[in-house]
Amino acid sequence: MFNGIISIRNKNGEEKVKIERPGGSLSPIWSICWNPSREERNDILAVADWGQKVSFYQLSGKQIGKDRALNFDPCCISYFTKGEYILLGGSDKQVSLFTKDGVRLGTVGEQNSWVWTCQAKPDSNYVVVGCQDGTISFYQLIFSTVHGLYKDRYAYRDSMTDVIVQHLITEQKVRIKCKELVKKIAIYRNRLAIQLPEKILIYELYSEDSSDMHYRVKEKIIKKFECNLLVVCANHIILCQEKRLQCLSFSGVKEREWQMESLIRYIKVIGGPPGREGLLVGLKNGQILKIFVDNLFAIVLLKQATAVRCLDMSASRKKLAVVDENDTCLVYDIDTKELLFQEPNANSVAWNTQCEDMLCFSGGGYLNIKASTFPVHRQKLQGFVVGYNGSKIFCLHVFSISAVEVPQSAPMYQYLDRKLFKEAYQIACLGVTDTDWRELAMEALEGLDFETAKKAFIRVQDLRYLELISSIEERKKRGETNNDLFLADVFSYQGKFHEAAKLYKRSGHENLALEMYTDLCMFEYAKDFLGSGDPKETKMLITKQADWARNIKEPKAAVEMYISAGEHVKAIEICGDHGWVDMLIDIARKLDKAEREPLLLCATYLKKLDSPGYAAETYLKMGDLKALVQLHVETQRWDEAFALGEKHPEFKDDIYVPYAQWLAENDRFEEAQKAFHKAGRQREAVQVLEQLTNNAVAESRFNDAAYYYWMLSMQCLDIAQADPAQKDTMLGKFYHFQRLAELYHGYHAIHRHTEDPFSVHRPETLFNISRFLLHSLPKDTPSGISKVKILFTLAKQSKALGAYRLARHAYDKLRGLYIPARFQKSIELGTLTIRAKPFHDSEELVPLCYRCSTNNPLLNNLGNVCINCRQPFIFSASSYDVLHLVEFYLEEGITDEEAISLIDLEVLRPKRDDRQLEIANNSSQILRLVETKDSMGDEDPFTAKLSFEQGGSEFVPVVVSRLVLRSMSRRDVLIKRWPPPLRWQYFRSLLPDASITMCPSCFQMFHSEDYELLVLQHGCCPYCRRCKDDPGP
């Protein structure tokens, strides 16, 4: 409104927004217009008032930016071409073009009076202007292209006030806002020059990186210039004004000026050192000049009759391409000024920056690529060619530039047709397909240009041909020069076998043709190249044919061919792989025994095919007894192995060691131990038993542990007998293992009593075993043996049998031990109830020493010996009662054999009628003494030895002389006949009415009735598990 207020209303006339201008009535609103652009985020209202300002508002009434001052009173405002520009007219008698932000760009047209209206035709570039004097003017606006190009960087004007720099390779873009009309643009390397109406801006890149797109202002030349063309160099700008060129520094100082004879039509920077760049200038009169910015004198390159439209110089500066006004592309040699060739229908031209002999030119809707003097290759393309880099052609179409990837196949094949392989390779490097690379490689290989072929095959990564080229190069280094032979190898690799064979024959290498055809299984052709019946070549051909038959799954035919060719090993391999046992044994029987390798292979396959009989026959033919033994062992044919071992004792270890291992794997450990022992492998035998013993203890199989410890002790005794060097060590282990065997044998009954719900042993037996273990256990309790279980059993059985004092002692000992939860309640209850019992032991349980007739306490601090005479007690291995035996020793000088002979003499005594019966058999040695009359007669010399008073606390053994031995009855003596190096042990029975049995294997003593019962139950000795039918040791 005239008062400077803007009212925005809806379609019903209701006011929605009211905008009050700062000038009020002094700035009447004369024209407003909405921006028709659909790309803007908000609706924008342009306002022109007679305060000589133009402003912009959002629909909400918020002002956008600041007021733009005008130098006239605006009478009309309108948007042009979809809101990109604004048309303003008024008292200045002209129509001006502004940006949508209010920046003046220029004058559309001048009039003779005020302009009251201006409108743009929708979707076009036409403008109509109405003036105060009644005239109407019609204008067409044409926007020229303002741009610059250097190699892969292209700068162009956008929205009249912005400059966009585009990297044609990476497609990166950067926008530089100038906020003024951009008149000219020039770009060179890292420099960018922008000419504005009143100044020139010089930009530079932040870094030397070829892909960097960040520009910054380097210099500003605040001066108005009028020029037709603008060029920028490293340190200068060049202004072109009709016929004149001016060179200015970045500070705006004019340094040089060149005056031309004619109008300048084209100018281009062709590079050079900073400050000394060269310019290529084309004139309207056809003259082409080279100018250096540091030189006042222009160099005339050549003069042609027609005007210049476009110029470019090749990469090596030796050729010049010119497009004249007749649309003809002319190429000159710069040094000789000679016209090399010319092509019609061209409007722009560019040399390839990476290849000297390639250029492209555009015109008539086609792109033309020319290599050297070859015919032009043409393809459709709209626009102007402005650059050519490798396989990329930069084309300007309308207002945009694009990089077109053009394969260089056509020029490459042109070079290949003329066998110019190196030039073709250079073209291929610009960009061709893999197929083209392979074709180049093959053509170069056939042309024997191995260097080019090698490079091409590297591109396609063909290792096979690279190996061929490497082989040929090595042969050439060794002095080979026969190109026919090289070419034949190439043809054979390419599959041209007949051509290769001809070349092999021509070069005198028929053997190579024969080898080639045989490798290809083309045996009919191979026969043509056989020598004059050479048996080696014939054998080779048959072998190759057999290989071929084998590969095509004809194994029987291959076997026959191999046999005829004498290749028995290969024939045997095929038969073995197919399981043909009959053919294998036939081949083995036909072979001579000297042919060990095929015979050995035959035997190996027969063994694998479960034909040990045939394999044994083959080994016998070879005379390989060691392999035969190994065969019997692997097939577990032990009888044959043992028979062979009897004839050849040197294979004893090879037979018995695997046999022992097999027995051990099948839980036949006793036999395994015997086998190890027979093989002389005492260490392995001991290791097996130790492992078994440890397992038995860990699994609480204490009867097995006792048995294995007894076997270990006997094994140690055998080692001590065989190896005197280890005698002392092994004897120590013997006594240790014997002791452990006795402990575990007794503890088995205790363990079963505490674990099982019922017991098979009598209370007296459990009582005796508990006492025996309590007195026998060393300080370090053996693994698996529980003192708690021993004491618990002792306390329980002592209480039941009336040994209350011993029971109290056992319960007291248990209080100092860790008690398992399942025994806790029973022990606590027993500890309480035992206090109600008397503090003494039953006399019936007190053990008697049969040497000195002393009653020993149940709890003996000395262990299992008499407290008076220190004589060790001898226990039954079943009931653990103290046996009525006394051990005696021989006087020095009496041998075991002499002692036996003296005892066997047996002098009869008067006044003694007794029936003594000794039953001796293979399974036991039994002494039965039955007295029918008074046994008290003459004094027995042995009894006199017993009644000898002990002096001191040391044990004095019973030592007998020859006289005493002669007085003894053989029926009263038990002898433990230990093998060397141990001495025999002699025991005398003091109660003739009790029968005692000793096992002849483990030498353990038993009450005869107990022993017979146990043997009947178990079928063997309960201690050493010797069967009753086994012969004695």
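Residues numbered from 1 in each chain as written. Predicted model: local features only at pLDDT ≥ 70, side-chain atom pairs only at ≥ 80, totals over all residues. Heavy atoms only, no water.

A few words on the overall build of the protein. Broken down by element type, the protein carries 30 helices and 48 strands. Classification of the 1033 residues of the protein by burial places 48% in the buried group. Sequence-distant contacts in the protein: of pairs separated by 6 or more residues, those separated by 24 or more amount to 43%. In the structure as shown, the protein presents an accessible area of about 52,200 Å², 49% of it carried by carbon and sulfur atoms. (Helix = DSSP H or I, 4+ residues; strand = E, 2+ residues; numbered from the N terminus. Buried < 20%, exposed > 50% of the residue type's maximum accessible area, 1.4 Å probe, protein only. Contact = heavy atoms within 4.5 Å. Areas by Shrake-Rupley, 256 points an atom, 1.4 Å probe, with all protein chains shown as cover.)

What follows is about the pattern of salt bridges. In this structure the tally under the stated criterion is 34 salt bridges. Measuring nitrogen to oxygen at the nearest pair gives 2.8 Å for the salt bridge that ties Asp462 to Arg438. Of this pair, Asp462 sits in the loop between helix H4 (450-460) and helix H5 (463-477) while Arg438 sits in helix H3 (residues 434-446); the two residues are 24 residues apart in sequence, bridging distant segments of the chain. Residue Asp462 is classed as buried on the basis of its relative accessible area, which comes to 11%. Here Glu755 ties to Lys789 by a salt bridge, and the two come within 2.8 Å at their closest N and O atoms. (Salt bridge = Lys/Arg side-chain N within 4 Å of Asp/Glu carboxyl O.)

This part is about the layout of surface pockets. When its volume is computed, the largest pocket comes out at roughly 1,600 Å³. Taken together, 48 residues form the lining of the largest pocket, with Leu149, Tyr266, Ile267, Lys268 and Val386 sitting closest to its centre. Sorting the residues of the lining of the largest pocket by element identifies strand E14 (147-150), strand E18 (184-188), strand E22 (229-232), strand E26 (264-271), strand E30 (308-313), strand E34 (348-351), strand E38 (384-389) and strand E39 (392-397) as the ones contributing at least two each. A per-element tally of the lining of the largest pocket places E26 first, with seven residues. When its residues are assigned to classes, the lining of the largest pocket shows 28 nonpolar, twelve polar and eight charged. (1 Å grid on protein atoms, 1.4 Å probe; cavity = no way out; pocket = protein on both sides within 12 Å on 5 of 7 lines; lining within 4 Å. Points joined across faces, edges and corners; volume = space filled by probe spheres on them. Nonpolar A, V, L, I, M, F, W, Y, C, P; charged D, E, K, R; others polar.)

Before going further, it helps to spend a moment on helix H7 (residues 497-506). All of the buried residues along H7 are Ala500, Ala501, Leu503 and Tyr504. An end-on view of H7 places all buried positions within 165° of arc, on one side of the element. Turned more than 90 degrees away from the buried face of H7 sit Lys502, Lys505 and Arg506, all of them exposed. (Arc of directions from axis to C-beta.)

The strand order E30-E31-E32-E33 describes an open sheet built from four strands, whose pairing is antiparallel. Sheet topology places E30 and strand E33 (338-343) at the edges, where each strand pairs with a single neighbour. Ignoring which end each strand starts from, the neighbouring axes of this sheet average 20° apart. Relative to strand E31 (residues 319-324), E30 is paired through five bridges, and the arrangement is antiparallel. Paired with Cys310 across the two strands is Val323, which belongs to E31. (Pairing = 2+ DSSP bridges. Axes fitted to C-alpha atoms, helices over the stretch in contact; angles between N-to-C directions.)

For the rest of this paragraph, the subject is the pairing of strand E2 (residues 15-20). Pairing geometry for strand E1 (residues 5-9) and E2, over five bridges, is antiparallel. Bridged to Ser7 within E2 is Lys18. Counted between consecutive antiparallel strands, the loop separating E1 from E2 contains five residues, among which Gly13 sits at a positive phi close to 90°.

Here we come to the environment of Arg475. Positionally, Arg475 belongs in helix H5. Overall, Arg475 belongs to the buried group, its relative accessible area being 12%. Considered as a pair, Arg475 and Phe486 are eleven residues apart in the sequence and their alpha carbons are 9.4 Å apart. Those residues within four positions of Arg475 in sequence are excluded, and the remaining contacts are Glu480, Leu485, Phe486 and Asp489.

Scanning the model with the defined rule gives one cavity of 30 Å³ or more in all. Along its surface, the largest cavity is lined by Leu848, Cys849, Tyr850, Arg851, Gln871, Pro872, Phe873, Ile874, Val882, Leu883, Leu885 and Val886. In terms of residue class, the lining of the largest cavity is built from ten nonpolar, one polar and one charged.

In regions of low pLDDT, the predicted coordinates are not meant to be interpreted in detail. Of all residues in the protein, 77% have pLDDT values of 70 or greater, and the mean over the chain is 79. Between residues 910-938, whose pLDDT stays under 50, and residues either more than four places distant or in other chains, the model counts 76 contacts. (pLDDT = per-residue confidence, 0-100.)

For the pair helix H21 (residues 702-722) and helix H22 (residues 727-755), interaxial distance at closest approach is 7 Å and the crossing angle is 165°. The angle between H21 and H22 falls in the class roughly antiparallel. Every pair of crossing elements has a handedness; the one defined by H21 and H22 is left-handed. Grouping the constituent residues of the contact of H21 with H22 by class yields 19 nonpolar, six polar and two charged. (Parallel < 35°, antiparallel > 145°, perpendicular 65-115°, else oblique. Left-handed = near helix turned anticlockwise from the far one by under 90°.)

The next subject is the nonpolar core. If you look at the biggest cluster of nonpolar residues, it comprises 63 residues, and the most contacted ones within it are Trp710, Tyr744, Leu773, Leu885, Met1005 and Cys1021. Looking at this core, the elements that each hand over two or more residues are helix H20 (682-698), H21, H22, helix H23 (763-776), strand E47 (996-998), strand E48 (1005-1007) and helix H30 (1008-1018). With 14 residues, the top contributor of residues to this core is H21. Those residues in contact with Leu885 that sit more than four places away from it in its chain are Ile874, Leu974, Phe987, Arg988, Ser989, Ile996 and Met1005. Core analysis: the next-biggest nonpolar cluster, separate from the first, contains 49 residues, Ile185, Leu196, Met213 and Cys227 among them. (Core = buried A, V, L, I, M, F, W, Y, C linked by side-chain atoms within 4.5 Å.)

The N-to-C vectors of H23 and helix H24 (residues 787-801) enclose an angle of 135°; their axes lie 9 Å apart at closest approach. The angle between H23 and H24 falls in the class oblique. Regarding H23 and H24, the two cross each other, and that crossing is left-handed. Facing H23, whose interface residues are Pro763, Glu764, Leu766, Phe767, Ser770, Arg771, Leu773 and Leu774, H24 presents Ile790, Leu791, Thr793, Leu794, Gln797, Ser798 and Leu801. Split into classes, the residues belonging to the contact of H23 with H24 amount to nine nonpolar, four polar and two charged.

This next bit is on the pairing of E31. Counting buried residues in E31 gives six out of six residues, a clear majority hidden from the surface. Relative to strand E32 (residues 329-333), E31 is paired through five bridges, and the arrangement is antiparallel. When the bridges of E32 are listed, Val323 appears paired with Cys329. Hairpin connection from E31 to E32: four residues lie between these consecutive antiparallel strands, with Asp327 at a positive phi of about 60°.

What follows concerns the packing of aromatic side chains. If you walk through the whole model with that rule in mind, you get 25 aromatic pairs. Ring plane angle 80° and centroid distance 6.3 Å describe the contact between Trp50 and Trp114, whose orientation is recorded as edge-to-face. On the criterion of sequence distance, the pair formed by Trp50 in the loop between strand E4 (44-49) and strand E5 (53-58) and Trp114 in the loop between strand E10 (104-110) and strand E11 (115-120) is long-range, its members being 64 residues apart. In this structure Trp50 comes out as partly exposed when scored by relative accessible area, which is 25%. Given the relative accessible area of 27%, Trp114 is considered partly exposed. With 5.5 Å between their ring centres and 10° between their planes, Tyr709 and Tyr744 make a pair best called stacked. Of this pair, Tyr709 sits in helix H21 while Tyr744 sits in helix H22, and the two are 35 residues apart along the sequence. Like Tyr744, Tyr709 is buried. (Phe/Tyr/Trp six-rings, centres within 6.5 Å; stacked < 30°, edge-to-face > 60°.)

What follows covers the side chain of Arg808. Note on placement: Arg808 falls in helix H25 (residues 804-815). Notably, Arg808 is buried but unbridged: the nearest opposite-charge side chain belongs to Asp812, and the N-O separation is 6.8 Å. Ignoring sequence-local partners within four residues, the contact set of Arg808 consists of Ile834, Arg835, Lys837, Pro838 and Phe839. (Lys, Arg positive; Asp, Glu negative; His and termini not counted.)

This next bit is on unusual backbone geometry. Note on backbone geometry: most residues besides glycine have negative phi, and most peptide bonds are trans. Of note, the bond from Pro980 into Pro981 is cis; its omega dihedral lies within 30 degrees of zero at 10°. The backbone of Asp123 shows a phi angle near 55°, a positive value even though the residue is not glycine. Counting through the fold element by element, Asp123 comes out in the loop between E11 and strand E12 (126-131). Its identity is not glycine, yet Ser853 carries a phi of approximately 60°, on the positive side. Topologically, Ser853 is positioned in the loop between helix H26 (821-833) and strand E41 (885-890). Exposure remark for Ser853: the relative accessible area of 56% places this residue in the exposed category.

Reading across from one edge, E34-E35-E36-E37 is the order of the four strands in this open sheet, with antiparallel pairing throughout. Only two strands of the sheet have a single partner each, and these edge strands are E34 and strand E37 (377-380). Pairs of neighbouring strands in the sheet enclose a mean axial angle of 20°, with direction left out of account. Here strand E35 (residues 358-363) pairs with strand E36 (residues 366-371) via six bridges, running antiparallel. Along E36, the bridge assignment pairs Gly363 with Tyr366.

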